Amino acid sequence: SRSDWSSDVCSSDLFPSHDNNTNCNLTVPLNSSVSIAVGSVINVSQYGAGQTTIVAASGVTLRSVGGWLKLSARYGVVSLVKVATDEWYVYGALTA
């Protein structure tokens, strides 16, 4: 379990899962830091009770309905879809 996730977990072949009772952030890195192909999908789950928030590194744009970027509840899953070099859509079990 992690208190905050570093960019090394942001890989299209991983399924990051936050298994912790404290809140944490998953930072989506710049493409220049971690190269992920446009079209890649990363699914993120919140296994523990602590809330997971998706955070953009400086220069990264995250787009979601209502600007929501927090997983809504334990066992919630969201998907991040890379649509441009440093732009992602975020959708799924989100809340304000």
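Each residue is numbered by its place in its chain's sequence as written, counting from 1. With the structure being a predicted model, the display of local features is reserved for residues of pLDDT at least 70 and the display and counting of side-chain atom pairs for 80 or more, all residues being used for whole-chain, interface and lining totals. With hydrogens and water excluded, all non-hydrogen atoms of the structure serve as input to the side-chain values.

Moving on, we get to the packing of aromatic side chains. Aromatic rings from Phe, Tyr and Trp, taking only the six-membered ring of Trp, are treated as a pair when their centres fall within 6.5 Å; an angle between ring planes under 30 degrees marks them as stacked, one over 60 as edge-to-face, and anything in between as tilted. What the rule picks out here adds up to one aromatic pair. For the ring pair Tyr 47 and Tyr 75, a centre distance of 5.7 Å and an interplane angle of 75° mean the geometry is edge-to-face. Here Tyr 75 lies in the loop between β6 (70-71) and β7 (77-84) and Tyr 47 lies in the loop between β3 (41-46) and β4 (52-56), a separation of 28 residues in the sequence. Over the ring of Tyr 47 we find Arg 74; its NZ or CZ atom is 5.9 Å from the centre of that ring. Secondary structure elements are taken from DSSP: a helix is a run of H or I of four residues or more, a strand is a run of E of two residues or more, and numbering for both begins at the N terminus. Two thresholds decide whether a charge sits over a ring: the Lys NZ or Arg CZ must be within 6 Å of the ring centre and within 35 degrees of the ring normal.

Once that is clear, we can look at the pattern of salt bridges. Opposite charge on two side chains permits them to pair, given that their charged atoms come into close proximity. Only one rule defines a salt bridge in this text: a Lys or Arg side-chain nitrogen within 4 Å of an Asp or Glu carboxyl oxygen. Per the stated rule, a full pass over the model turns up one salt bridge. For the salt bridge of Glu 87 with Arg 63, the shortest nitrogen-to-oxygen distance reads 2.5 Å. Taken together, the residues span a long stretch of sequence, with Glu 87 in strand β8 (residues 87-92) and Arg 63 in strand β5 (residues 61-63) at a distance of 24 residues.

What follows concerns the nonpolar core. Side-chain atoms within 4.5 Å are what join buried Ala, Val, Leu, Ile, Met, Phe, Trp, Tyr and Cys residues into a set we call a nonpolar core. Relative accessibility thresholds used throughout: buried, under 20% of the residue-type maximum; exposed, over 50%; partly exposed, between the two (1.4 Å probe, protein chains only). With 17 residues, the main nonpolar core has Ile 54, Leu 62, Leu 80 and Trp 88 as its most contacted residues. Put simply, the parts of the chain that give this core at least two residues each are β2 (24-28), β3, β7 and β8. For Leu 80, the residues in contact, after removing those within four places along its chain, are Val 28, Ser 40, Val 41, Ile 42, Val 44, Ile 54, Trp 88, Tyr 89 and Val 90. Throughout, a contact is declared for two residues whenever any of their heavy atoms are within 4.5 Å.

This part takes up the environment of Val 60. As for its position among the elements, Val 60 is in the loop between β4 and β5. If sequence neighbours within four positions are ignored, Val 60 has contacts with Val 28, Pro 29, Leu 30, Asp 86 and Trp 88.

Turning our attention to the confidence of the model for the protein. Per-residue confidence from the predictor is given as pLDDT, running between 0 and 100. Predicted confidence across the protein gives a mean pLDDT of 83, with 80% of residues reaching 70 or more. Low pLDDT (under 50) marks residues 6-13, which in the prediction has 20 contacts with non-local residues, meaning those over four places away or in another chain.

In this structure, Ser 40 sits in the loop between β2 and β3. Polar side-chain contacts of Ser 40 include one of 2.8 Å to the backbone oxygen of Ala 37. For this analysis, a polar contact is any N or O atom pair within 3.5 Å, provided that within protein one partner can donate a hydrogen and the other can accept it, and provided that sequence-adjacent residues contribute only side-chain to side-chain pairs.

Distance thresholds for patches are 9 Å for like charges and 5 Å for nonpolar side chains (Val, Leu, Ile, Met, Phe, Trp, Tyr), applied to residues having over 30% relative accessible area and no salt bridge. Working definition of accessibility: Shrake-Rupley area with a 1.4 Å probe, residue cover restricted to the visible protein chains. On the surface, Val 83, Tyr 89 and Tyr 91 cluster together into a nonpolar patch covering about 280 Å² of accessible area. Taking relative accessible area as the criterion, Val 83 reaches 32% and is therefore assigned partly exposed.

Okay, the environment of Val 38 next. By secondary structure assignment, the location of Val 38 is in the loop between β2 and β3. A sequence separation of 48 residues divides Val 38 from Asp 86, and the C-alpha atoms of the two residues are 9.0 Å apart.

The next subject is unusual backbone geometry. One non-glycine residue, Tyr 75, adopts positive backbone phi at about 75°. The class of Tyr 75 is exposed, set by a relative accessible area of 52%.

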